[in-house]
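Notes for the structure review
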Amino acid sequence: MTGITILGATGTIGLNTLDVISQHRDRFQVVALTAHENVERLYQQCLTWRPRYAVMVKTDAAEQLQAKLKSVAPEIEVLSGTEGLITVAKLPEVDMVMAAIVGAAGLLPTLAAAEAGKRVLLANKEALVMSGALFMAAVQQQGAELLPIDSEHNAVFQCLPPAKFDGQAVSELASQGIRRILLTASGGPFRTYPIDALHDVTPDQACAHPNWKMGRKISVDSATMMNKGLEVIEACWLFNASPQQVDVVLHPQSVIHSMVEYVDGSVLAQLGNPDMRTPIAYALAWPERMSAGVSPLDLVQTAKLEFEAADWQRFPCLRLAYEAMAAGGTSTTILNAANEIAVAAFLDGQLKFTAIPDVIERTLSQLTGRPVVQLETILEDDAKARLLATEIVAQH
Ligand code: NDP
Ligand code: MG
């Protein structure tokens with residue numbers, strides 16, 4: 001039995017992971033489930049999965065969960081806080097950690113899982129964007145395996161020669177005959193929306209993704225295309241690529257999940273229905289394959305695969321992400337922090353959609369990134385960027 005901790009069990013990725021595991025109960029043992037504040041959902045999951053540990057980050061939520069579990073499942077130990085998350089990421093009986101917390105809150109437990117040498121199934125791209133250098137060093141030093149859940153990176157992973165990527169990203173792309181990585185992007189709900197009407201779009205419009213059902217933060221990121229920008233940075237770290245070696249192409253059908261182009265002109269692509277259970281099952285079973293409950297792709301029904309250039313005018317966040325990655329150091333930490341503040345303000349009705357890139361650009365122009373020497377550097381710049389971005393939001 002493979003022991004697994006699911007960080008962010010109550011979110012979209014968490015639910016999809018439990019769905020895949022429910023089809024293979026003979027292979028996986030759920031050791032720990034975590035959430036932030038959704039007591040009712042984690043309680044239901046505890047009743048179904050009977051994990052050894054349940055973590056609610058908020059203390060009052062942990063107390064509520066403990067009270068509810070007391071009479072029905074007193075054997076489940078309830079922990080709280082970031083400490084609780086770190087504890088369950090490192091447990092000796094845990095082989096794999098699904099990192100599916102949204103945003104910077106996922107950094108410390110995900111890093112802890114890498115430092116403990118686990119197989120890390122990485123959905124939480126923000127962790128890698130914030131601290132790619134430290135993360136990859138921890139993975140390599142501790143012999144962890146970092147397997148991408150993000151559908152694009154999982155697709156690239158499937159199209160790379162096995163010698164290139166064994167879960168620890170090693171050699172240069174060129175030494176494996178690879179010219180570039182091509183990330184596909186749906187373009188989100190506003191790909192063809194009148195550009196001068198974008199400032200009035202609502203959070204619900206931004207969260208109505210045409211192809212994927214996701215949490216609200218990543219849905220807004222998809223609408224601004226910051227999600228693709230974060231994915232470019234994620235790809236650079238995961239696959240040891242420079243930003244110039246990672247291109248983005250719009251593909252509205254979301255059937256090709258990404259591609260790898262080789263020097264002989266071959267382009268390998270991974271296709272499938274847009275369903276996160278495919279990359280989740282691939283990473284859980286790797287290097288084997290197992291069923292995911294995903295319906296087969298019907299190419300005749302799909303009929304058309306279309307491609308367009310990504311428009312940096314419409315999607316300035318994509319440009320900002322490339323610039324931050326080129327600047328290096330904590331610039332991507334600052335980009336990520338400012339984006340999280342701006343997206344939260346937009347979802348809260350305090351900021352216009354079109355002001356999101358403006359807040360990020362102004363934060364980046366007032367706070368210069370530094371070389372990353374240790375985790376403290378990252379946490380300091382993350383905190384500074386959040387303060388500054390909050391001030392900039394207040395001026396809007
Ligand atoms: P959701 O918003 O659906 O779920 C987020 C999860 O994280 C929930 O379990 C939530 O708990 C928990 N959480 C939220 N805030 C905190 C916090 N401060 N501390 C600890 N836990 C917290 O997000 P998604 O599942 O959509 O996305 C999760 C991650 O996966 C993101 O990084 C996203 O970019 C990435 N991803 C998602 C994809 C998708 O298809 N959804 C695709 C590719 C990547 P609670 O329910 O209690 O709030
Ligand atoms: Mg993705």
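Definitions and limits used
Chains are numbered independently. Their residues run from 1 in the order of the written sequence. Both sets of labels track the order of writing: A upward for chains, 1 upward for ligands. Per-residue local features are limited, in this predicted model, to residues with pLDDT of at least 70; the limit for side-chain atom pairs, both in listing and counting, is 80 or more; totals at the level of whole chains, interfaces and linings are taken over all residues. Values reported for side chains reflect all heavy atoms of the structure, with hydrogen atoms and water molecules removed beforehand. Note on definitions. A residue lies near a molecule or strand when any single heavy atom of the residue is within 4 Å of it. Under the rule applied, a polar contact is a pair of N or O atoms within 3.5 Å (in protein, one hydrogen donor and one hydrogen acceptor; residues adjacent in sequence only if both atoms are side-chain atoms). Per-residue and other accessible areas were derived by the Shrake-Rupley procedure at a 1.4 Å probe size, with only the shown protein chains allowed to occlude residues. Secondary structure elements are defined from DSSP: runs of H or I of at least 4 residues count as helices, runs of E of at least 2 residues count as strands, and each element is numbered from the N terminus. In this classification, the charged set is Asp, Glu, Lys and Arg, the nonpolar set is Ala, Val, Leu, Ile, Met, Phe, Trp, Tyr, Cys and Pro, and all remaining amino acids, among them Gly, are polar. Because water is not among the atoms used, a metal site may look incomplete, as its donors are only the N, O and S atoms within 2.8 Å, or 3.2 Å for Na, K and Ca. Three labels apply to residues, based on accessible area from a 1.4 Å probe with only protein chains included: buried if under 20% of the type maximum, exposed if over 50%, partly exposed otherwise in between. Here a cavity denotes a set of grid points, spaced 1 Å apart and computed over the protein atoms alone, in which a 1.4 Å probe fits but from which it cannot get out, and a pocket denotes an open set meeting protein on both sides within 12 Å along at least five of seven lines; residues with an atom within 4 Å of a point are reported as lining. Grid points are joined across faces, edges and corners, and a volume is the space filled by probe spheres set on the points. An automatic or database domain assignment provides the domain bounds reported here. We call two residues contacting when some pair of their heavy atoms lies within 4.5 Å. Put simply, buried area is the surface a 1.4 Å probe can reach on two separate parts but cannot reach once they are joined, added for both. Angles run from 0 to 180 degrees between N-to-C directions of axes, and those axes are lines fitted to C-alpha atoms, restricted for helices to the stretch in contact. Angle categories: roughly parallel below 35 degrees, roughly antiparallel above 145, roughly perpendicular from 65 to 115, and oblique for all the rest. Handedness of a helix crossing follows the sense of rotation of the near helix relative to the far helix, less than a right angle counterclockwise being left-handed and clockwise being right-handed. At least two DSSP bridges between two strands are required for those strands to pair.

Another point: the site of ligand 1. In the vicinity of ligand 1, 24 residues are found, and the nearest of them are T10, E37, N38, E126 and G215. Contact distances for ligand 1 include 2.6 Å between an oxygen atom and a side-chain N or O atom of T10. Between ligand 1 and the protein, one listed contact pairs an oxygen atom with a backbone N or O atom of G11 at 3.2 Å. Coverage of ligand 1 by the protein amounts to 86% of the 890 Å² it exposes when considered alone. Secondary-structure elements contributing two or more residues to the shell around ligand 1 are α1 (12–22) and α6 (125–142). A breakdown of the residues in the shell around ligand 1 according to their chemical character gives twelve nonpolar, eight polar and four charged.

As a further point, take the coordination of the magnesium ion (ligand 2). The coordination sphere of the magnesium ion (ligand 2) contains the protein donors D150 (OD), E152 (OE) and E231 (OE), at a distance range of 2.1 Å. Within one chain, the residues donating to the magnesium ion (ligand 2) are spaced in sequence as D-x1-E-x78-E. Remark: E231 occurs in helix α10 (residues 226–238) and E152 occurs in helix α7 (residues 151–159); sequence separation between them is 79 residues. You can call E231 buried: its relative accessible area is 1%.

Leftover empty space is mapped by rolling, across the atoms, a probe with the size of a water molecule. Taken as a whole and assessed by the stated rule, the structure comprises one cavity of 30 Å³ or more. Considered as a void within the structure, the largest cavity measures approximately 60 Å³ in volume. What lines the largest cavity is simply S151, N154, A155, W212, H257, Q270, N273, D275, T278 and P279. Those elements giving two or more residues to the lining of the largest cavity turn out to be α7 and α11 (277–285). Looking at which element gives the most residues to the lining of the largest cavity, the answer is α7, with three residues. Its residues placed into classes, the lining of the largest cavity shows three nonpolar, six polar and one charged.

Okay, the domain arrangement of the chain next. Domain assignment breaks the chain into domain 1 (2–148) and domain 2 (328–396). Here the C-alpha centroids of domain 1 and domain 2 sit 27 Å apart. Taken together, the contact pairs ten residues of domain 1 with twelve residues of domain 2. The contact between domain 1 and domain 2 buries some 800 Å² in all, and 73% of this surface belongs to carbon and sulfur atoms. If you sort the residues of domain 1 by the area they bury against domain 2, V129, M130 and L134 come out on top, with a joint share of 57%. The tally of links from domain 1 across to domain 2 stands at three residue pairs in polar contact (both at pLDDT 80 or more). Going through the elements one at a time, α5 (107–115) and α6 are the ones with two or more residues in the side of domain 1 that touches domain 2. When residues of the side of domain 1 that touches domain 2 are assigned to their parent elements, the largest contribution, five residues, is made by α6. Taken together, the residues of the side of domain 1 that touches domain 2 sort by class into seven nonpolar, two polar and one charged.

Before going further, it helps to examine the packing of α1 against α11. Contact geometry of α1 with α11 gives a least axis separation of 9 Å together with a crossing angle of 60°. On the basis of the axis angle, α1 is oblique to α11. The two elements α1 and α11 meet at a crossing, and its hand is right-handed. In this structure, α1 contributes I13, N16, T17, D19, V20 and I21 to the contact, and α11 contributes R277, I280, A281 and L284. Broken down by class, the residue content of the contact of α1 with α11 amounts to six nonpolar, two polar and two charged.

One open sheet holds the five strands; their spatial order is β11-β10-β8-β9-β12, and the pairing between them is mixed. Pairing within the sheet leaves two strands with one partner each, and these edge strands are β11 (267–271) and β12 (308–309). Here strand β8 (residues 178–185) pairs with strand β10 (residues 256–262) via four bridges, running antiparallel. Note that in β10 the partner of R180 across the bridge is E261. Each of β8, β10 and β11 touches α7; the most contacted strand, β10, lies at about 40° to it. Packed onto the sheet, α10 meets β8 and β9 (246–250) and runs at close to 150° relative to β8.

Residue P287 is reached from W286 by a cis peptide bond, and omega for that bond is 10°. Tracing the backbone through its elements, the reader meets P287 in the loop between α11 and α12 (299–302). With a phi angle near 50°, S254 is a residue other than glycine that sits in the positive phi range. With respect to the secondary-structure elements, S254 resides in the loop between β9 and β10.

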